[in-house]
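Architecture and fold: a report
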Amino acid sequence: MIPSSDRAQNLSNRSMATGTSSSSLLPIDEEDEILMLYGSKSGWVEAKTHCDHLASLSSDLTHIPTPDTPCNRCQHPVENWLCLCCKEVLCSRFANKHMLEHYKLADHSLALSFSDLSVWCFSCNAYLDAQVIMPLQSVHFTAYVLKFNEPPPLRAVECVHITDNRADGSSTSGK
Ligand SMILES: [Zn+2]
Ligand SMILES: [Zn+2]
Ligand SMILES: [Zn+2]
């Protein structure tokens, strides 16, 4: 008879070896996780802070469909993209590629992912930094609030100074 604890350990070792499942069991140290998210020197492509195709943005991006809107064409329910030019919601290249098709047919380059709220430019073939590129900030903000019911966390961006309001208590005493 095999002691059940040994068997369990065996199983969990095997699932670790095969990858993605049950990663919560092992303590990933934070640095590794950051490397996994952002990549090391190779592989990770920086989001662009400039794009020549912003002129095609919809003039009203304050009213956008909610992030759970299905694909307008095939009703695919999740991980859709919002066209930032005409506000159509279309599925990704991992579903039925309707956003990609829309770019080819309508020449609408800019799309916002409803799964991670990143902005992709098909013409630049690159992600755009929606929190840095001015015309994209408000739609990113709006989509974030729709998805999470709260405003996005402030990010330390070099060109933005948010320290002025914290001028009380001149030294860094903390609590
Ligand atoms: Zn572009
Ligand atoms: Zn679709
Ligand atoms: Zn469009």
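Below: a short report on this structure. Values in this document were obtained by computation on a predicted structure and should not be read as measured data. Along each chain, residue indices are assigned from 1 in the same order as the chain's sequence is written. Note on labels: chains are lettered from A, ligands numbered from 1, in written order. Since the coordinates come from a predicted model, pLDDT governs what is reported: local features require at least 70, and pairs of side-chain atoms require 80 or more to be given and counted, while whole-chain, interface and lining totals use all residues.

**Quick look at the environment of Val139**
You can see Val139 is positioned in helix 4 (residues 134-148). For every residue pair, C-beta atoms are placed from the backbone, and the pair is scored as a contact if these atoms sit within 7 Å. With residues up to four places along the chain from it excluded, the contact list for Val139 reads Leu61, Ile64, Leu84 and Leu112. Helix and strand definitions here come from DSSP, where helices need a minimum of 4 consecutive H or I residues and strands a minimum of 2 consecutive E residues; each element is numbered from the N-terminal end.

**Considerations on the sheet that holds strand 1 (residues 81-83)**
Strands qualify as paired when DSSP identifies two bridges or more between them. Strand order across the open sheet formed by five strands is 2-1-3-4-5, with antiparallel pairing between neighbours. Bordering the open sheet on either side are strand 2 (89-90) and strand 5 (126-128), each of which pairs with just one other strand. The pairing of strand 3 (residues 110-113) with strand 4 (residues 119-121) spans three bridges and is antiparallel. From the neighbouring strand, Ala111 faces strand 4, where its bridge partner is Trp120.

**Topic: helix 3 (residues 98-106)**
Note: α-helices contain 3.6 residues per turn, so residues at a spacing of three or four share the same orientation. Our exposure labels follow a C-beta count within 10 Å of each residue's own C-beta, placed from the backbone: buried means 20 or more other C-beta atoms, exposed means 12 or fewer, and partly exposed covers the counts in between. For helix 3, the complete set of buried residues consists of His98, Met99, His102 and Tyr103. Projected onto a plane normal to the axis of helix 3, the buried residues spread over an arc of 145° and lie on a single side. Opposite the buried face of helix 3, at more than 90 degrees from it, the exposed residues are Lys104 and Leu105. Summarising the contacts, the buried residues of helix 3 are in contact with strand 1, strand 2 and strand 3. Phi turns positive, to about 60°, at Asp107, one or two residues after helix 3. The arc refers to the directions leading from the helix axis to the C-beta atoms.

**Examining the nonpolar core**
Defined on buried residues, the nonpolar core groups Ala, Val, Leu, Ile, Met, Phe, Trp, Tyr and Cys residues joined through C-beta atoms within 7 Å. Trp81, Leu82, Leu84, Ala111 and Leu112 are the most contacted members of the largest nonpolar core, which totals 25 residues. Those elements giving two or more residues to this core turn out to be strand 1, strand 2, helix 3, strand 3, strand 4 and helix 4.

**A short note on the pairing of strand 3**
In this sheet, strand 3 lies alongside strand 1 in antiparallel orientation, the contact comprising three bridges. From the neighbouring strand, Trp81 faces strand 3, where its bridge partner is Ser113. Between the antiparallel neighbours strand 3 and strand 4 lie five residues, among them Leu117 with a positive phi of about 65°.

**Focus: the environment of Leu146**
Within the fold, Leu146 resides in helix 4. With 16 C-beta atoms counted inside 10 Å, the residue Leu146 sits in the partly exposed group. As a C-alpha pair, Leu146 and Pro65 span 81 residues in sequence and 8.9 Å in three-dimensional space. Ignoring sequence-local partners within four residues, the contact set of Leu146 consists of Thr66 and Pro67.

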